[in-house]
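Close look at the chain arrangement
So the chains spell out like this:
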Amino acid sequence: MSPIAPSNERLPPVLAEFDPLAADRPGETKLPWRGFAVVAATVVTVLGAVVLTGWIFGVEQLTRPLSGTSTMKANTALALTLLGAAILLEGLATARSKDGAARRASRFAWLVPILSLTAAAIGLVTVFEYAAAVDFGFDDLIAGSSGAGAATHALRPALPTAVALILLGSALAIDRLNGTTAMRARQLLAFAATCLAYFALLGHIFQAEIVLGAELRTSIALVTAVCLLLIGLAILCTRPFEGWMRIVTIENVGGKVTRRLMPAVALGLPLIALGRVLGTSAGLFDERFGAALAVVLVTLGASVAVARLAVEMNRGHEQCDLTMARRNQTQLLLNGLAEGSSAMIAARDVHGRLLMANGAFERWTGSPREQALGKTLRESLPPELVPRREHSFNHVLETGETVVEEVQVRPGEIVPTVVAETFPVLDGVGRIVAVGAIAADITERRLHEQTVERLNKQLEHETTRAREAIAELEAFGHTVSHDLRSPLRAIDGFSQVLEAEYAVAIDQRGRHFLDRIRSAARDMNGLIGDLLEYSRVGRGELEFTHVDMATIARAANEKLAYEREGRDVRVTIGELPPAFGDERLLGVVFTQLLSNAHKYTRERAVAEITVGAIDPAAGLSATYFVRDNGVGFDMRYSEKLFQAFEKLHHEGTYEGTGVGLATVQRVLRRHDGCIWAQSVPGEGTTMYFQLAREDQPPLSWADHLAEVSSMRRRAVDSDLQSPVAQPGQNEFAK
Amino acid sequence: MLYEGAILLVEDDPNDIELTLNAFDRHHLANHVTVVRDGEEALDYLFRRGEYADRDGQPNPQLILLDLKLPKVDGIEVLREIREHESTRTIPVVALTSSRDTRDVESAYDLGVNSYIPKPVEFDEFIKAAGQLGLYWLILNEPPST
């Protein structure tokens with residue numbers, strides 16, 4: 001079982017609005033914003049819970065995490081715990097990875113506003129108690145009356161704490177889904193609370209009391225201030241890339257400067273002020289000097305910061321200029337390409353509205369670009385083109401595939417014809433943001449193709465006609481040869497009857513004429529036989545098999561036994577490699593060549609005829625030969641040798657029709673082979689032939705010529721240099 | 001026993017007819033030969049139609065010498081009809097061919113000729129073919145060779 005079967009199903013492509021500024025939008029910093037939020041919220045939740053436990057069980061120590069400082073009030077602890085838990089829950093529920101924990105958390109996401117609004121309510125009730133100067137006993141709900149009880153509201157959270165709780169609670173209750181404005185309000189509330197906490201923290205550092213009128217001298221406990229600060233920052237960091245937080249988290253010069261300057265200011269300025277206070281109280285310098293020193297330090301710090309800012313901004317500008325220059329260059333190049341091309345180039349957004357088009361578009365559609373931009377397919381194209389283009393456009397959007405098609409601009413007409421490619425334009429994350437189209441005019445090519453097609457058809461027609469004509473001619477030749485035999489039979493037959501039945505009535509002279517008639521009839525019969533054979537080897541299918549050449553050479557030689565009667569003819573059949581061809585036709589080749597060899601050696605006291613192969617090891621590419629020691633011929637006439645009815649000898653010297661070698665050549669041509677001759681007058685003739693190889697396609701003409709000429713050279717060399725014997729051949733071994 | 005019309009010669013070439021008859025005559029067999037000049041006539045004769053409708057009382061030939069190239073109805077077609085009809089199916093047919101073209105001979109054998117003789121019909125060849133076909137009455141009729 002394969003764990004994962006590759007799915008053939010293609011997901012439909014994701015479409016997106018074309019947004020030209022998307023590329024310019026800076027990315028987000030990869031700092032662990034959410035991580036900080038989680039840690040801060042966890043710390044506050046745990047701390048709040050510990051303090052709450054202290055209050056519930058009356059463990060004084062736990063209510064005062066930093067000994068010597070004032071206690072965190074029970075309600076504050078409760079509210080902080082609620083807020084911390086709400087932040088954690090929200091963070092988990094919106095976590096990107098939807099694992100088990102996230103799914104469980106998202107099921108309880110509805111708790112977030114309840115928790116945070118409860119915290120806000122605690123603050124609200126407290127503020128109301130302060131404002132109306134009443135005591136609902138609300139402050140003692142958890143802690144009981146175990147408190148000191150000295151002050152009327154010793155257990156009540158400080159007023160700034162209550163205000164901060166209201167701010168934080170309501171901030172957290174605002175859902176992010178409510179849009180940018182809601183997000184900004186949330187961040188504003190959280191920031192305000194953070195400032196309040198920061199203020200309280202500074203108060204502790206400077207050991208100053210926050211005095212809000214004579215009645216409200218309570219101060220925020222140090223731990224509470226820290227917790228509020230953490231919660232405020234955590235809320236800001238839960239949505240680091242939305243609303244105003246983008247100012248800080250964005251990956252550009254502004255973001256970078258903000259991220260560096262804000263902590264520097266928030267930490268640096270209090271340090272300077274603290275230094276001044278401590279220095280003064282330690283008597284190191286007086287108030288005025290301290291003030292001057294602080295101013296100098298602040299100025300110094302500010303100068304350094306401004307200088308850094310300037311450097312950063314300059315660098316940013318340079319980078320920006322460079323990017324712009326590059327982009328301009330690319331833009332220039334792309335424009336040049338689009339405008340310079342004769343092809344129509346256009347792009348449309350996913351709604352079909354024209355985003356860009358080149359000059360060719362204007363020429364093709366006949367409407368100016370400015371008017372077409374922003375228009376849909378229907379509005380910007382000639383109506384006859386709309387259905388086809390809409391179909392392709394929708395196909396690209398539905399499948400994400402490129403469509404290449406040939407379009408006849410006027411349906412049914414060849415002219416003009418274009419080839420159009422419609423393809424998806426993807427953004428950086430693979431969404432289709434536009435559909436591009438490039439179309440080229442191929443009318444000319446189409447017309448050429450039509451011409452070529454027409455010419456091809458014509459040629460085909462001509463070829464068929466030629467083939468038919470050849471076939472007719474062949475059939476004609478066959479029939480004529482065939483029909484010629486019938487009167488010939490009569491001539492011969494009646495002559496024979498005359499000779500047999502009227503021998504007595506005819507004198508010697510008459511018998512001589514009768515002989516001449518019969519001899520002429522025999523010659524003609526032979527000629528017709530040869531013509532029929534010539535015609536036959538050119539027709540019909542070849543039956544290719546592996547042929548034992550030695551066997552068919554011997555069989556051909558047997559048939560010629562009558563030629564050897566009363567003569568001394570020595571025939572040697574050497575080693576012949578097998579061939580691949582039509583056995584019957586190859587038999588004709590040997591019969592014809594051997595017959596010639598017998599014929600032209602008639603004047604020799606001892607006729608020597610050799611059948612062999614130049615290179616028996618060459619297998620199917622072997623060159624065979626038939627050699628005789630006959631009268632030979634003048635090589636000047638070798639060209640005429642294979643033409644039908646051409647004879648190199650006087651009529652009457654050697655009987656024969658002149659068709660034999662033409663028939664042999666025809667057979668070899670049908671095998672993609674070839675034949676050639678080598679002869680010395682008075683010494684003899686060698687006929688060479690070669691067949692196409694089985695394992696290779698028939699040789700190309702050039703190869704063929706090269707091979708044949710090299711064969712010829714070799715043959716001539718071996719012939720002329722060693723006229724007596726072929727090396728490696730035991731011919732004459734009879 | 002031989003009777004008139006025991007051998008049917010289907011041949012259109014008058015020269016060939018005369019030469020063949022001459023050869024038979026020299027061996028005193030010509031009386032037994034009936035000649036028809038084309039395929040249609042051959043069929044008419046065999047199936048007693050047309051001008052041969054009243055060929056009554058005459059039995060079918062004992063041997064048919066059939067030229068394969070005939071006017072009107074081709075020899076091959078004649079052969080097919082002979083082989084299709086109950087009354088003629090068993091008559092031996094010797095094809096006369098003007099060449100030793102294997103294709104002609106093959107198609108003739110395919111259709112069921114019993115033998116073939118190349119033209120012109122040499123009597124020796126004919127007797128050889130007849131002997132192969134078991135027609136000993138023809139051989140017996142041959143006078144002692146001179």
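Residue numbers run consecutively from 1 along every chain, following the written order of its sequence. Here every chain gets a letter starting at A, and every ligand a number starting at 1, in the order they are written. At least 70 in pLDDT is required for a residue's local features to be given in this predicted model, at least 80 for side-chain atom pairs to be given and counted, and no such filter applies to totals for whole chains, interfaces and linings, which use all residues.

So, about the overall build of chain B. Each helix corresponds to a stretch of at least 4 residues labelled H or I by DSSP, and each strand to a stretch of at least 2 residues labelled E; elements are numbered beginning at the N terminus. Across its full length, chain B carries six helices and five strands. Listed by position from the N terminus, the elements making up chain B come as β-α-β-α-β-α-β-α-β-α-α. When contacts within chain B are restricted to residue pairs at least 6 apart in sequence, long-range pairs at least 24 apart make up 63% of them. Residues are defined as contacting one another if the C-beta atoms placed from their backbone atoms lie within 7 Å.

Turning our attention to the overall build of chain A. Within chain A, the regular secondary structure consists of 21 helices and 12 strands. Residues are called buried when their C-beta atom has 20 or more other C-beta atoms within 10 Å, exposed when it has 12 or fewer, and partly exposed otherwise; all C-beta atoms are positioned from the backbone. Here chain A holds 734 residues, and 31% of them are scored as buried.

A separate point is helix H1 (residues 33–56) of chain A. Residues and elements named next belong to chain A. A helix is expected to span 1.5 Å for every residue after the first. Along its 24 residues, H1 runs 34 Å from first to last C-alpha, staying within 8% of the 34 Å computed at 1.5 Å per residue. Those residues of H1 that sit buried are Trp 33, Ala 37, Ala 40, Ala 41, Val 44, Thr 45, Leu 47, Gly 48, Val 51, Leu 52, Gly 54 and Trp 55. Residue Gly 58 follows H1 closely and has a positive phi angle near 65°.

All names here are of chain B. Strand order in the open sheet formed by five strands is E2-E1-E3-E4-E5, and the pairing between neighbours is parallel. The open sheet terminates on both sides in strands that have one partner only, identified here as strand E2 (33–36) and strand E5 (115–118). Between one strand axis and the next, the sheet turns through 20° on average, direction left out of account. Here strand E1 (residues 7–10) pairs with E2 via four bridges, running parallel. Two strands pair if DSSP finds at least two bridges between them. Whenever a helix is involved, its axis is fitted only over the stretch in contact; in every case the axis is a line through C-alpha atoms, and angles between N-to-C directions fall within 0 to 180 degrees.

Quite often, the size of an interface is put as the accessible area lost when its parts meet. Between chain B and chain A, the residue contacts involve nine residues of the former and eight residues of the latter. Residue classes follow a fixed rule: Ala, Val, Leu, Ile, Met, Phe, Trp, Tyr, Cys and Pro count as nonpolar, while Asp, Glu, Lys and Arg count as charged, and any other residue, Gly among them, counts as polar. In the side of chain B that touches chain A, the residues fall into two nonpolar, four polar and three charged.

For the rest of this paragraph, the subject is the confidence of the model for chain B. The predicted model of chain B averages 78 in pLDDT, with 82% of residues at 70 or higher. Interface confidence for the predicted complex, given as ipTM, is 0.77, next to a pTM of 0.46. Here pLDDT means the predictor's own confidence in every residue, given as a number from 0 to 100.

All names here are of chain A. Here, a nonpolar core means buried Ala, Val, Leu, Ile, Met, Phe, Trp, Tyr and Cys residues linked by C-beta atoms lying within 7 Å of one another. Counting 62 residues, the largest nonpolar core has Leu 83, Leu 168, Ile 231 and Ala 234 as the members making the most contacts within it. Elements represented by at least two residues in this core include exactly H1, helix H2 (74–93), helix H4 (111–132), helix H6 (159–173), helix H7 (180–205) and helix H8 (222–238). When residues in this core are grouped by element, the largest group, 13 residues, is from H8. Here Ala 234 is in contact with Ala 37, Ala 40, Ala 41 and Ile 87, once residues within four sequence places are set aside. Core analysis: the next-biggest nonpolar cluster, separate from the first, contains 49 residues, Leu 594, Ala 597, Ala 607 and Ala 622 among them.

Further remarks concern the pairing of strand E2 (residues 354–357) of chain A. All names here are of chain A. Both strand E1 (residues 344–349) and E2 contribute to a ladder of three bridges, which runs antiparallel. Bridging across to E2, Arg 348 finds its partner in Leu 354. Taking the residues that link successive antiparallel strands as the turn, the E1-E2 hairpin has four residues, and the phi of Gly 352 there is positive, at about 90°.

Residue and element names in this part refer to chain A. Between H2 and H6, the shortest axis-to-axis distance is 11 Å and the interhelical angle comes to 20°. One element, H2, and the other, H6, form an angle in the roughly parallel class. The two elements H2 and H6 cross, and the hand of that crossing is left-handed. Contact with H2, carried on its side by Thr 76, Ala 79, Leu 83, Ala 86 and Ile 87, involves Thr 161, Leu 165, Leu 168, Gly 169 and Leu 172 of H6 and no other residues of that element. Within the contact of H2 with H6, the residues separate by chemical class into seven nonpolar, three polar and no charged. By the definition adopted for this analysis, an angle is roughly parallel if under 35 degrees, roughly antiparallel if over 145, roughly perpendicular if from 65 to 115, and oblique otherwise. Whether a crossing is left-handed or right-handed is set by the direction in which the near helix is turned from the far one by less than a right angle, anticlockwise for left-handed and clockwise for right-handed.

Residues and elements named next belong to chain A. Taken together, the five strands give an open sheet; going across it, the order is E7-E9-E10-E12-E11, and neighbouring strands pair in mixed fashion. Of all the strands in the sheet, the pair left with one neighbour each is strand E7 (569–573) and strand E11 (674–680). Each strand of the sheet is rotated relative to its neighbour by a mean of 10°, with strand direction disregarded. Relative to strand E12 (residues 684–690), E11 runs antiparallel, the two sharing seven bridges.

The next point concerns unusual backbone geometry. As a rule of thumb, non-glycine residues mostly have phi less than zero, and peptide bonds are mostly trans rather than cis. Here Asp672(A), not a glycine, exhibits a phi torsion of approximately 60°, which is positive. Inspection of the secondary structure assignment puts Asp672(A) in the loop between helix H20 (660–670) and E11. Assessed through the 16 C-beta atoms surrounding it within 10 Å, Asp672(A) is described here as partly exposed. Positive phi, close to 55°, is recorded for Arg48(B), a residue that is not glycine.

It is worth spelling out the environment of Ala197(A) at this point. Residue and element names in this part refer to chain A. Its place among the elements puts Ala 197 in helix H7. Spatially, the C-alpha atom of Ala 197 lies 8.4 Å from that of Gly 232, the residues being 35 residues apart in sequence. Here Ala 197 is in contact with Ala 164, Ala 225, Leu 228, Leu 229 and Gly 232, once residues within four sequence places are set aside.

Residue and element names in this part refer to chain A. For the pair helix H10 (residues 253–281) and helix H11 (residues 287–340), the least separation of the axes is 10 Å and the interaxial angle reads 170°. By the angle class used here, H10 and H11 are roughly antiparallel. Counting all contacts with H10, which are made through Val 253, Lys 256, Val 257, Leu 261, Ala 264, Gly 268, Leu 269, Ile 272, Ala 273, Arg 276, Gly 279 and Thr 280, the residues of H11 involved are Glu 287, Gly 290, Leu 293, Ala 294, Leu 297, Val 298, Gly 301, Ala 305, Leu 309, Glu 312, Met 313 and Gly 316. Of the residues in the contact of H10 with H11, the class split is 14 nonpolar, six polar and four charged.

Residue and element names in this part refer to chain A. Buried within helix H18 (residues 549–559) are the following residues: Met 549, Ile 552, Ala 553, Ala 556 and Asn 557. Buried residues of H18, viewed axially, fall in a sector of 145°; they line one side. Buried residues along H18 sit against strand E6 (544–547), E7, strand E8 (579–582), helix H19 (583–600), strand E9 (607–613) and strand E10 (623–628). What the arc describes is the spread of directions from the helix axis to the C-beta atoms.

Turning next to the confidence of the model for chain A. Residue and element names in this part refer to chain A. Overall, the predicted model of chain A reaches an average pLDDT of 81, with 84% of residues at or above 70. Across residues 1–8 the pLDDT falls below 50, and counting only partners more than four positions away or on other chains, this stretch makes zero contacts in the model. Ignoring residues within four places in sequence, the model shows residues 711–734, a span with pLDDT below 50, making 27 contacts including any to other chains.

Secondary-structure assignment places Thr94(A) in the loop between H2 and helix H3 (100–107). Distance from Thr94(A) to Ser106(A), taken between C-alpha atoms, is 7.2 Å for residues 12 residues apart in sequence.

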